[in-house]
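Chain residues, written in single-letter form:
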Amino acid sequence: MTSDTPDVLYAVEDRVATVTLNRPEVLNALRVDTQERFFAAMHRADDDPEVRAVVVTGAGRGFCAGADLGWLAGVGEHGLDQSDAGAMGARPELPDMALDLSVPVIGAINGPAAGLGFAIMLMNDVRFAAAGAKFTTTFARLGLVAEYATSWLLPRLIGVGHALDLLLTGRTFTAEEGKELGLFQHVLPAEEVLPAAQAYARGLAQGSSPTSMALIRRQVYGDLHRTREDAMLDSVAMMLESFGRPDLGEGVAAQAEKRLPDFPPYTPPGTTSYRGPSPHQRTDNTEGTQ
């Protein structure tokens, strides 16, 4: 099924949702309303029990050039519009897809990313990047700070020294350097990025338990700022819970019978022994993504 808005495309095939930023004439630069629709589409995919993985990409030759420069120029000259400030400040849960979503998010980074686009790129669990594509944090060069917890996630991905280098200088670097730093897992010719990311996502959708993936994501991101002892205690408790789920029997049977497993969809429990961060309560604004 496919449904479009002028600036966000949403499609589902083979249990994989593809969310596409669709303003190619400005390298998919984001306005506040575009950002709202993008995150609404991500939450829509997360709430659909038939969706097992999400691919995020950009239309045209770029992934996302960041915030729309026309909007930024207006902010610099006149200050932040009250409605924009409300949209950004009243719903701080919008950009937390790295922590809040239950489905894995695969980045098909088909071209350049900067600023806000760079922050969104970081929120993907696994990143495929176009060979030769250029990237920049750009915040310091615009008189801004590291947006949407980039200062939290980037050092955990590539180390403090490399993160500060990219954040303080705002310098441009290539996909190839990003792979050496550990930012990208795969660098491919531009035309291969989206098909490869979608194939990877289909592999997750077909072969991995949605419940396992949801809980593993929570473990990995949550345990980044917890002690090893706490992580160990919770992993033991969570493993004991896993033994009681039907997923285990299905996974064992599928391996023994040499077939793809038929796992049930993930159902968020009312309570859990895992003491990591819980997803924010949110009210989705899905206008334009239906």
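Visitor: I would appreciate a short explanation of the overall build of the chain in the present structure.
Guide: Secondary structure summary: the chain contains 12 helices and 10 strands in total. Within the span of the chain, comprising 290 residues, buried residues form 46% of the whole. Within the chain, contacts between residues separated by at least 24 positions form 72% of all contacts whose residues are at least 6 apart in sequence.

Visitor: What am I meant to see in helix α12 (residues 246-257) here?
Guide: Quick reminder: α-helices carry 3.6 residues per turn. Residues three or four places apart thus point the same way. Over its 12 residues, α12 runs 17 Å from end to end, which matches the ideal 16 Å to within 8%, given 1.5 Å per residue. Restricting attention to buried positions, one finds in α12 the residues Asp-247, Glu-250, Gly-251 and Ala-254. Angular distribution of buried residues about the axis of α12 spans 100°; they occupy a single face of the element. With respect to the buried face of α12, the exposed residues turned more than 90 degrees away are Val-252 and Ala-256. Positive phi appears at Lys-258, one or two residues downstream of α12, with a value of about 55°.

Visitor: Explain helix α11 (residues 228-243) to me, please; I cannot follow it from the model alone.
Guide: Taking 1.5 Å of rise per residue, 16 residues should cover 22 Å, and α11 covers 23 Å from first to last C-alpha, within 8% of that figure. Three or more residues of α11 are buried, namely Ala-231, Asp-234 and Met-238. The buried residues of α11 all sit within an arc of 75° when viewed along its axis, so they share a single face. Among the exposed residues of α11, those pointing more than 90 degrees away from its buried face are Glu-229, Leu-233, Leu-240 and Phe-243. Looking at the buried positions of α11, the neighbouring elements they touch are α10 (210-223).

Visitor: Sorry, what's going on with the confidence of the model for the chain here?
Guide: Detailed reading of the predicted coordinates is not advisable wherever pLDDT is low. In the predicted model, the chain carries a mean pLDDT of 85, and the fraction of residues at 70 or more is 81%. Every residue in residues 85-93 is under pLDDT 50, and counting partners more than four places away or in other chains gives 17 contacts.

Visitor: Quick question: what am I supposed to make of the environment of Trp-152 here?
Guide: Here Trp-152 lies in helix α6 (residues 150-158). Expressed as a C-alpha distance, the spacing of Trp-152 and Ala-163, which sit 11 residues apart in the sequence, is 9.7 Å. Apart from the residues lying within four places of it in its own chain, the contact partners of Trp-152 are Tyr-221, Leu-224 and His-225.

Visitor: In this structure, what is going on with the sheet that holds strand β6 (residues 113-114)? I would like to understand it.
Guide: With respect to topology, three strands assemble into an open sheet ordered β6-β8-β9, the strand pairing being mixed. Here the strands that pair on one side only, and so sit at the sheet edges, are β6 and β9 (173-174). In this sheet, strand β8 (residues 134-136) lies alongside β6 in parallel orientation, the contact comprising two bridges. What sits directly across from Ala-114, in β8, is Thr-136.

Visitor: Looking at this model, I keep getting lost on the pattern of salt bridges. Mind explaining?
Guide: Overall, the coordinates contain 13 salt bridges when judged by the stated rule. A salt bridge links Arg-31 to Asp-7; the shortest N-O distance between them is 3.2 Å. Taken together, the positions of Arg-31 in the loop between β3 (16-21) and α1 (32-47) and Asp-7 in the loop between β1 (2-4) and β2 (8-13) put the pair 24 residues apart, joining distant regions of the chain. In this structure Asp-7 comes out as buried when scored by relative accessible area, which is 1%. Taking the shortest distance from any N to any O, the salt bridge between Asp-33 and Arg-31 comes out at 3.2 Å.

Visitor: I'm lost on unusual backbone geometry in this one. Help?
Guide: Peptide bonds are mostly trans, and most non-glycine residues show a negative phi. Its identity is not glycine, yet Leu-27 carries a phi of approximately 50°, on the positive side. Here Leu-27 is to be found in the loop between β3 and α1. Positive phi, close to 60°, is recorded for Thr-138, a residue that is not glycine. Mapping Thr-138 onto the fold places it in the loop between β8 and α6.

About the thresholds
- Residues numbered from 1 in each chain as written.
- Predicted model: local features only at pLDDT ≥ 70, side-chain atom pairs only at ≥ 80, totals over all residues.
- Heavy atoms only, no water.
- Helix = DSSP H or I, 4+ residues; strand = E, 2+ residues; numbered from the N terminus.
- Buried < 20%, exposed > 50% of the residue type's maximum accessible area, 1.4 Å probe, protein only.
- Contact = heavy atoms within 4.5 Å.
- Expected span 1.5 Å × (residues − 1).
- Arc of directions from axis to C-beta.
- pLDDT = per-residue confidence, 0-100.
- Pairing = 2+ DSSP bridges.
- Salt bridge = Lys/Arg side-chain N within 4 Å of Asp/Glu carboxyl O.

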